[in-house]
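Coordinates in review
Each chain, written out:
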Amino acid sequence: MADIYVFIGPPGVGKGTLGEMFCEETKAVHVSTGDLLRQEMAAGTELGNKVKGIIAEGGLVSDDIVAEMVEGRLQKDDIVAKGCLLDGFPRTVPQAEALRDILKRTGHKMAAVVSIEADQQMLITRLTARRMCTNKECGAIFNVVAMPPKTEGICDKCGAKLYQRSDDTKEAALHRLDVYAKQTAPLIDFYKKEGKLIRSTSRDLPAEANYANLKAALKA
Ligand SMILES: [Zn+2]
């Protein structure tokens, strides 16, 4: 029986980095459902082959399949010994209900669900910061916040103009944040009712500072 943690957070909040820091410190196993799907497919397990078929037909992998895969993973020795941080699951209330049943069967304990939150404007700034070089042979990528080009709009490496991909526009960012908010609000309510929800606000600070903040929220 081990402690299971779940981090949820909007695109651009730095959830991946905070998750890595958490697993590094606590030795909890990092379990990403995306990685699990890829591993099952690569290993050619029965489940993996089923998933391959679904993806080949352009279908979506159902909650049941993801839940089955997570349940299998949670029974492995490393997680039984050290616990884990779930990444990418649950995303919806039906998945959260499935996870509750899985934990009952496997004997693990939901230690906490951390909702990592941030100011909308900060998220938009981060999600729209990427710039690509228009010269396909160069392919350099810049970030106007973290790694800006020396001259605005111009590639440092080859002097060609930079552009913003359609996925990186403000409109696209607003859409992603909206989808996240709609999908996650019921999940947040679910875990609040279960008494498992912990909120942590990330700010425009180095990851270490946001991590310290998250740890303080977990201990409070
Ligand atoms: Zn270039």
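None of these values were measured; they are calculated from a predicted model. (Residues numbered from 1 in each chain as written. Predicted model: local features only at pLDDT ≥ 70, side-chain atom pairs only at ≥ 80, totals over all residues. Heavy atoms only, no water.)

**So, the overall build of the protein chain**
The line we're drawing: Numbering of helices and strands runs from the N terminus; a helix is a DSSP stretch of H or I covering at least four residues, while a strand is a stretch of E covering at least two. Burial classes follow relative accessibility: with a 1.4 Å probe on protein chains only, a residue under 20% of its type's maximum area counts as buried, one over 50% as exposed, and anything between as partly exposed. For the area figures, the Shrake-Rupley method with a 1.4 Å probe applies, and any residue is considered shielded solely by the protein chains shown.
Assigned secondary structure in the protein chain consists of nine helices and eight strands. For the protein chain, the C-alpha atoms occupy an extent of roughly 60 × 45 × 30 Å along the three principal directions. Residues classed as buried in the protein chain amount to 40% of the 220 residues present. Surface exposure of the protein chain reaches about 12300 Å², of which carbon and sulfur atoms provide 51%.

**A word on the nonpolar core**
Threshold: What is meant by a nonpolar core is a set of buried Ala, Val, Leu, Ile, Met, Phe, Trp, Tyr and Cys residues, joined one to another through side-chain atoms within 4.5 Å.
Formed by 32 residues in total, the largest nonpolar core has its most connected members in Leu 74, Cys 84, Leu 86, Leu 99 and Tyr 191. The dominant element in this core, judged by the number of residues it contributes, is helix H4 (residues 63-74), at six residues. With 21 residues, the next largest nonpolar core counts Phe 22, Ala 28, Leu 85 and Ile 124 among its residues.

**Overview of helix H3 (residues 46-56)**
For an α-helix, 3.6 residues make a turn, and residues three or four places apart therefore share a direction. To keep it simple, the criterion reads: The arc in question is the one spanned by the directions pointing from the helix axis to the C-beta atoms. By the convention used here, residues are in contact when the closest approach between their heavy atoms is within 4.5 Å.
Residues of H3 that are buried: Leu 47, Gly 48 and Val 51. End-on view of H3: buried residues confined to an arc of 100°, all on one side of the axis. Facing away from the buried side of H3 by over 90 degrees, the exposed positions are Glu 46 and Ala 56. Those residues of H3 that are buried lie in contact with helix H2 (33-43) and H4. Looking one or two places after H3, you find Gly 58, whose phi comes out positive at around 80°.

**A word on the pattern of salt bridges**
Convention followed: When a carboxyl oxygen of Asp or Glu lies within 4 Å of a side-chain nitrogen of Lys or Arg, that pair is called a salt bridge.
In the structure shown here, the tally under the stated rule is eleven salt bridges. Across the pair Asp 35 and Arg 38 runs a salt bridge whose closest N-O atoms are separated by 2.9 Å. Residue Asp 35 and its partner Arg 38 are both found in helix H2; the two are separated by three residues, about one turn of the helix. Classification of Asp 35 as partly exposed rests on a relative accessible area of 35%.

**Brief notes about the domain arrangement of the protein chain**
Accessible area lost upon the coming together of the parts serves often as the stated size of an interface. Under the convention used in this document: Domain delimitation in this document rests on an assignment produced automatically or drawn from a domain database.
For the protein chain, the assigned domains read domain 1 (3-120 + 171-219) and domain 2 (129-168). Each of domain 1 and domain 2 has a C-alpha centre, and the two are 32 Å apart.

**Considerations on the pairing of strand E4 (residues 109-117)**
Selection rule: By this definition, two strands are paired if DSSP reports at least two bridges between them.
Examined bridge by bridge, strand E1 (residues 3-8) and E4 share six bridges and lie parallel to one another. Opposite Phe 7, over in E4, you have Val 114 as the bridge partner. Sheet analysis places E4 next to strand E8 (residues 197-201), joined by five bridges and oriented parallel. The residue of E8 that forms the bridge with Val 113 is Leu 197.

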